[in-house]
Amino acid sequence: MSASALKHPSPGSVTMFSTSWCGYCNRLKAQMGREGIAFTEVNIEDVPEAVQFVMDANDGNQTVPTLLFPDGSSATNPSIHEVKKRLAS
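Below is a short write-up of the structure. (Residues numbered from 1 in each chain as written. Predicted model: local features only at pLDDT ≥ 70, side-chain atom pairs only at ≥ 80, totals over all residues. Heavy atoms only, no water.)

1. Some thoughts on unusual backbone geometry
Alright, step 1. Residue proline 65 is reached from valine 64 by a cis peptide bond, and omega for that bond is 0°.
Alright, step 2. Its identity as a non-glycine residue notwithstanding, aspartate 59 has a phi of 50°, on the positive side.
Alright, step 3. Residue placement: aspartate 59 occurs in the loop between helix H2 (51–57) and strand S3 (66–68).
Alright, step 4. The class for aspartate 59 is exposed, based on a relative accessible area of 77%. (Helix = DSSP H or I, 4+ residues; strand = E, 2+ residues; numbered from the N terminus. Buried < 20%, exposed > 50% of the residue type's maximum accessible area, 1.4 Å probe, protein only.)

2. What to know about helix H3 (residues 80–88)
Alright, step 1. Of the residues making up H3, those classed as buried are Ile80, Val83 and Leu87. Buried residues of H3, seen end-on, are gathered within an arc of 60° and therefore sit on one face of the element. Pointing more than 90 degrees away from the buried face of H3 are the exposed residues His81, Lys85 and Ala88.
Alright, step 2. Those residues of H3 that are buried lie in contact with strand S1 (13–18), helix H1 (23–35) and S3. (Arc of directions from axis to C-beta. Contact = heavy atoms within 4.5 Å.)

3. Some points on the pattern of salt bridges
Alright, step 1. Counted according to the given criterion, the structure contains three salt bridges.
Alright, step 2. Across the pair glutamate 41 and lysine 29 runs a salt bridge, and its minimum N-O distance is 3.0 Å. Of this pair, glutamate 41 sits in strand S2 (residues 38–43) while lysine 29 sits in helix H1, and the two are twelve residues apart along the sequence.
Alright, step 3. Among the ionic pairs, arginine 86 bridges to glutamate 82, the shortest N-O distance being 3.1 Å. (Salt bridge = Lys/Arg side-chain N within 4 Å of Asp/Glu carboxyl O.)

4. Remarks on H1
Alright, step 1. For H1, with 13 residues, the first-to-last C-alpha span of 18 Å sits near the 18 Å given by 1.5 Å per residue.
Alright, step 2. Those residues of H1 not exposed but buried are Cys25, Leu28, Lys29, Gln31 and Met32. For H1, the angular spread of buried residues about the axis comes to 165°, placing them on one side.
Alright, step 3. Residues of H1 that are buried in the fold lie against S1, S2, S3 and H3.
Alright, step 4. A positive backbone phi angle near 75° is found at glycine 36, which sits one or two residues after H1. (Expected span 1.5 Å × (residues − 1).)

See the structure below:
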């Protein structure tokens, strides 16, 4: 994995840790696309080094979608409203 995958995303964007089969991930990606929210997707099945970040953010669980925000905070399976609110603050 490139070091850029775990660095804080640019203001106004997020990094989304996902899997290919995750329905919640697909729904949130579509919602962010409709809202014009820029994101970088990191598939933890393809980038095993990202698994540790997801596990650290989720008490040892590999729960996706996990989003990394520009301020360094994370959220697991947030609503599109929460994503927009956190990016606006």
